[in-house]
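Coordinate analysis (summary)
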Amino acid sequence: MSEQNQNYPEGSAFYSELRKRYLTATIWQTLFLSALVIAIISLTALIYNVLDGAFGYVAYDYKNDPAEFTSTPIHELTKEELLTILKAELSSGAYNKLDNEKKMEDRSQSDLYILFLERLVQIDTKATWSMTDSLTRGDEIRAEVAEKYPDAELEFRSWLTPQFLTTPMSSKAEFAGVRTAVLGSLWLVGIAILFALPVGVGAAVYLQEYAPHNWLTNIIQTNINNLAGVPSIVYGMLGLAVFVRVMESFTSGAMFGVTDSNGRTVLSAGLTMGILVLPLMIINAQEAIKAVPDSLRQAAFGVGATRWQTIWHHVLPNALPGIMTGSILAISRTLGETAPLIVVGASTFISLDPDSPFSKFTALPIQIYQWTTRPQAEFHSIAASAIVVLLVLLLSLNATAILLRNRTQRKW
Amino acid sequence: MENNNYAIETNDLSIHYGSFTAVKGVNMKVERQKITAIIGPSGCGKSTLLRAFNRMNDFVPSCHVTGELLLDNQNLYSKDIDPVEVRRKIGMVFQKPNPFPKSIYENIAWGARINGFKGKMDELVEQSLRSAALWDEVKDKLQQSAYALSGGQQQRLCIARTIAIQPEIILMDEPASALDPISTLRIEELMQELKKNYTIIIVTHNMQQAARASDYTAMMMIDDQRAGGVIEFDATKTIFTRPGDKRTEDYVTGRFG
Ligand SMILES: Nc1ncnc2c1ncn2[C@@H]1O[C@H](COP(=O)(O)OP(=O)(O)OP(=O)(O)O)[C@@H](O)[C@H]1O
Ligand SMILES: [Mg+2]
């Protein structure tokens with residue numbers, strides 16, 4: 001007994017030993033806490049940085065006084081009045097061009113109002129300030145504006161407005177919106193998931209449940225894992241070569257009688273994104289299928305089920321939550337990727353909504369990138385707003401997928 | 001058409017995992033409507049042999065079987081036999097209760113449905129649960145999760161699930177090893193009830209259980225190549241009172257190892 005105990009510290013030796021153990025534990029705990037704090041600070045800084053640009057003071061004036069065009073206060077103009085003014089004041093060339101893009105009569109009051117401000121009154125932004133500046137240096141800014149731009153009006157503006165969501169692209173930051181880009185992104189996500197979900201789950205089921213374990217499946221597995229890490233630009237090149245060029249008659253819709261289009265469509269881009277997220281989808285589905293306990297498969301086989309019945313009734317339903325997690329990741333990836341879209345040929349200036357797989361398109365990250373590269377500060381503000389839109393879109397799509405997942409995750 | 005009294009016969013049946021022979025040269029004749037126990041030390045291949053009886057080993061990629069396994073004079077391992085049909089005729093209850101993550105009702109109905117059951121499902125469910133001595137405990141909560149049942153109840157549900165597809169033979173791999181003595185006893189009573197209609201083969205580590213519940217006992221042991229084999233197969237009474245092999249005597253009296 002006593003001989004055994006000599007191998008372990010006792011009494012005061014034990015306590016000094018224990019103190020050392022606690023010290024180590026405390027050091028590690030502190031390190032973990034600092035890691036968490038760093039993460040929180042980074043995220044806060046990110047969000048603050050975005051919001052800082054999306055709100056703030058703007059100084060602007062009107063090149064042409066609205067009173068020159070109408071006696072009605074401009075906020076009260078009806079659609080008909082706006083139409084009349086635009087028809088009278090715009091050159092017939094400009095008017096016809098707009099009419100060709102979309103029938104003027106079919107446009108909404110707010111669209112026409114924006115045209116009125118943009119083409120006739122010609123609002124002119126003089127300067128913008130960030131949210132921090134606007135909140136902390138309000139008086140200085142007012143003084144500065146009064147001195148530099150005596151005619152200008154100063155306004156605290158949220159660049160993120162309902163209008164920002166519903167108006168298409170414009171060459172003037174004040175009138176630009178993200179509608180085309182949001183719709184483009186949604187189309188991309190839709191096409192990518194429609195492609196990657198069935199193909200990914202199918203491949204995963206085959207690999208996990210049917211394929212023998214031999215050198216060939218090993219090679220395939222390794223390649224799938226590696227493909228998940230291939231830089232996205234490479235997928236862009238692939239998309240350009242395959243979807244835009246080789247399969248042009250399909251992706252442009254020529255096969256289906258669409259005539260005014262080339263291969264640089266939302267379909268090409270969506271399929272490229274689908275291929276991009278496919279490895280992710282397969283790996284996640286595989287993990288989910290692997291996590292279904294073998295005892296469940298045996299139970300099914302034990303009552304005389306075929307392999308397909310076992311997969312369909314037991315393996316897939318139980319793997320569904322994991323498959324949904326994969327879809328969430330795929331959606332996030334699709335929404336955020338920029339490089340492949342540039343290669344495949346997203347339009348940088350487009351104001352027509354994508355309305356079919358064969359439409360030209362733009363997407364939120366493209367739009368954001370475009371705007372941030374503009375020299376004018378107001379474009380940086382709408383870029384910030386567009387980032388907020390992108391984040392909100394991301395969160396809401398993810399939330400939907402998580403809700404769906406929790407509904408399928410019916411724990412018995 | 002019962003041309004013999006045997007539910008299953010093996011003819012020099014050997015089971016290999018890759019190059020390793022886990023079970024070697026088994027010759028057994030399992031009588032109909034009797035309970036046959038398989039006993040033996042851990043790792044001697046009892047589960048392997050049992051799984052071979054309904055081709056559950058097909059799911060172990062490295063596993064292959066030589067020799068013959070005869071059901072109604074048909075070799076279950078011949079090429080023209082569909083393993084799904086084998087498992088339909090020879091049901092299995094596993095060591096750990098593994099109900100489906102579904103309702104109690106659905107646990108029984110699913111197997112029946114996928115096998116094309118055309119009768120009244122409600123009746124089948126009730127009848128199966130009654131046969132498994134579970135009906136009274138669950139009749140008011142058929143739509144509840146099977147996972148909410150106790151371990152013993154879950155195991156009886158698994159037995160009910162197996163009965164529902166009306167197999168000829170029921171294989172049980174240590175069905176009571178995860179259960180308390182009372183649940184164990186209930187399963188044993190249940191087996192006595194079931195043998196009126198079914199042939200039962202049970203693997204057990206519990207000597208009293210084998211002695212109490214079974215009619216025949218197969219004693220398995222590994223040889224010096226670590227391949228398991230049936231060293232003695234006889235009426236349970238004989239095995240436990242006048243075993244022919246010294247190793248059997250040592251094992252059943254607890255003097256093994
Ligand atoms: N899937 C497998 N792959 C390879 N070898 C296996 C596999 N399953 C079992 N074996 C081997 O086969 C031998 C018999 O195993 P088995 O599970 O049949 O023993 P057992 O008698 O059921 O033991 P226990 O009483 O502990 O359940 C063991 O040596 C085991 O290592
Ligand atoms: Mg075993």
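See the structure above.
Residues numbered from 1 in each chain as written. Chains lettered and ligands numbered in written order. Predicted model: local features only at pLDDT ≥ 70, side-chain atom pairs only at ≥ 80, totals over all residues. Heavy atoms only, no water.

All names here are of chain B. Using the criterion set out here, one finds zero disulfides over all chains in the structure. This cysteine, Cys44, is not joined by any disulfide, and Cys63 carries the nearest cysteine sulfur, 15 Å off. Here Cys44 falls in the buried class, since its relative accessible area comes to 1%. (Disulfide = S-S within 2.5 Å. Buried < 20%, exposed > 50% of the residue type's maximum accessible area, 1.4 Å probe, protein only.)

In the case of a regular strand, side chains alternate between the two sheet surfaces. All names here are of chain B. Among the five residues in strand β4 (residues 35-39), five count as buried, and that is most of the element. The two faces of β4 match: Ile35, Ala37 and Ile39 on one face and Thr36 and Ile38 on the other face are all buried. Strand direction decides the pairing type here: β4 and strand β9 (residues 199-203), joined by four bridges, are parallel. The partner of Ile35 across the bridge, within β9, is Ile200. Pairing between β4 and strand β10 (residues 216-222): four bridges, direction parallel. Pairing of Ile38 across the sheet is with Ala218, part of β10. (Helix = DSSP H or I, 4+ residues; strand = E, 2+ residues; numbered from the N terminus. Pairing = 2+ DSSP bridges.)

The next thing to look at is the side chain of Glu174(A). Following the sequence through the fold, Glu174(A) ends up in the loop between α8 (162-166) and α9 (179-210). No salt bridge forms around the buried Glu174(A); measuring N to O, its nearest opposite-charge neighbour Lys172(A) is 5.3 Å away. (Lys, Arg positive; Asp, Glu negative; His and termini not counted. Salt bridge = Lys/Arg side-chain N within 4 Å of Asp/Glu carboxyl O.)

Residue and element names in this part refer to chain A. Take Asn398: it is sitting in helix α18 (residues 377-408). A sequence separation of 20 residues divides Asn398 from Glu378, and the C-alpha atoms of the two residues are 30 Å apart. Residues contacting Asn398, with those up to four places away along its chain left out, are Ile328, Ile331 and Ser332. Within the local environment of Asn398, its side chain forms a polar contact with the side chain of Ser332, the two groups lying 3.3 Å apart. (Contact = heavy atoms within 4.5 Å. Polar contact = N/O pair within 3.5 Å; in protein donor to acceptor, adjacent residues only side chain to side chain.)

This next bit is on the pattern of salt bridges. Considering all chains together, one arrives at 26 salt bridges over all chains under this definition. With its nearest N and O atoms 3.4 Å apart, the salt bridge here joins Lys89(B) to Glu85(B). Separated by four residues within a single helix, Lys89(B) and Glu85(B) lie in helix α2 (residues 83-89), roughly one turn from each other. With a relative accessible area of 23%, Lys89(B) lands in the partly exposed category. You can call Glu85(B) partly exposed: its relative accessible area is 40%. Here the residues in one salt-bridge network are Asp133(A), Arg137(A) and Glu140(A), joined through shared partners.

On to the site of ligand 1, then. Residues and elements named next belong to chain B. In the vicinity of ligand 1 lie 14 residues, with Ser42, Lys46, Ser47, Thr48 and His205 positioned nearest. Between ligand 1 and the protein, one listed contact pairs a nitrogen atom with a side-chain N or O atom of Tyr17 at 3.4 Å. Contact between ligand 1 and Cys44: an oxygen atom at 3.3 Å from a main-chain N or O atom of the residue. Contributions of two or more residues to the shell around ligand 1 are made by β2 (20-26) and α1 (46-53). (Near = heavy atom within 4 Å.)

A separate point is the packing of aromatic side chains. This structure, assessed with the given rule, holds 13 aromatic pairs over all chains. When the ring of Phe250(A) is compared with that of Phe256(A), the centres are 5.9 Å apart and the planes differ by 65 degrees; the resulting orientation is edge-to-face. Taking the centre distance of 5.2 Å and the plane angle of 70 degrees together, the rings of Phe100(B) and Trp110(B) count as edge-to-face. On the criterion of sequence distance, the pair formed by Phe100(B) in the loop between β7 (90-93) and α3 (104-114) and Trp110(B) in helix α3 is long-range, its members being ten residues apart. A relative accessible area of 0% places Phe100(B) in the buried class. Of the residues examined, Trp110(B) reaches a relative accessible area of 1% and is grouped as buried. Above the face of the Trp159(A) ring, Arg157(A) is positioned so that its terminal group lies 4.9 Å from the ring centre. The side chain of Arg374(A) reaches across the aromatic face of Phe379(A), ending 4.2 Å from its centre. (Phe/Tyr/Trp six-rings, centres within 6.5 Å; stacked < 30°, edge-to-face > 60°. Lys NZ or Arg CZ within 6 Å of the ring centre and 35° of its normal.)

Right, let's talk about a nonpolar patch on the surface for a bit. Together, Leu23(A), Ile27(A), Trp28(A), Leu31(A) and Phe32(A) make up a nonpolar patch on the protein surface, roughly 560 Å² of accessible area in all. Assignment of secondary structure puts Leu23(A) in helix α2 (residues 11-54). (Patch = residues over 30% accessible without salt bridge, like charges linked within 9 Å, V, L, I, M, F, W, Y side chains within 5 Å. Areas by Shrake-Rupley, 256 points an atom, 1.4 Å probe, with all protein chains shown as cover.)

For the rest of this paragraph, the subject is the interface of chain A and chain B. The interface is formed by 17 residues belonging to chain A together with 24 residues belonging to chain B. Scanning the region where chain A abuts chain B turns up zero salt bridges. At the surface where chain A touches chain B, the tally comes to four residue pairs in polar contact (both at pLDDT 80 or more). At the level of secondary structure, the elements contributing two or more residues to the side of chain A that touches chain B comprise α14 (294-302) and α15 (307-336) of chain A. Counting residues per element, the side of chain A that touches chain B draws most heavily on α14(A), which supplies seven residues. Of the residues assigned to the side of chain A that touches chain B, the class counts are seven nonpolar, nine polar and one charged. (Nonpolar A, V, L, I, M, F, W, Y, C, P; charged D, E, K, R; others polar.)

Ranked by internal contacts, the top residues of the largest apolar core, which has 74 residues, are Val178(A), Leu341(A), Leu364(A), Trp371(A) and Ile382(A). If one sorts the elements of this core by residue count, helix α13 (residues 266-291) of chain A sits on top with 13 residues. Dropping the residues within four chain positions of it, Val178(A) is found in contact with Phe164(A), Leu165(A), Thr167(A), Leu364(A), Trp371(A), Ala386(A) and Val389(A). Residues Ala109(B), Leu124(B), Ala176(B) and Ala213(B) belong to the second largest nonpolar core, which totals 44 residues. (Core = buried A, V, L, I, M, F, W, Y, C linked by side-chain atoms within 4.5 Å.)

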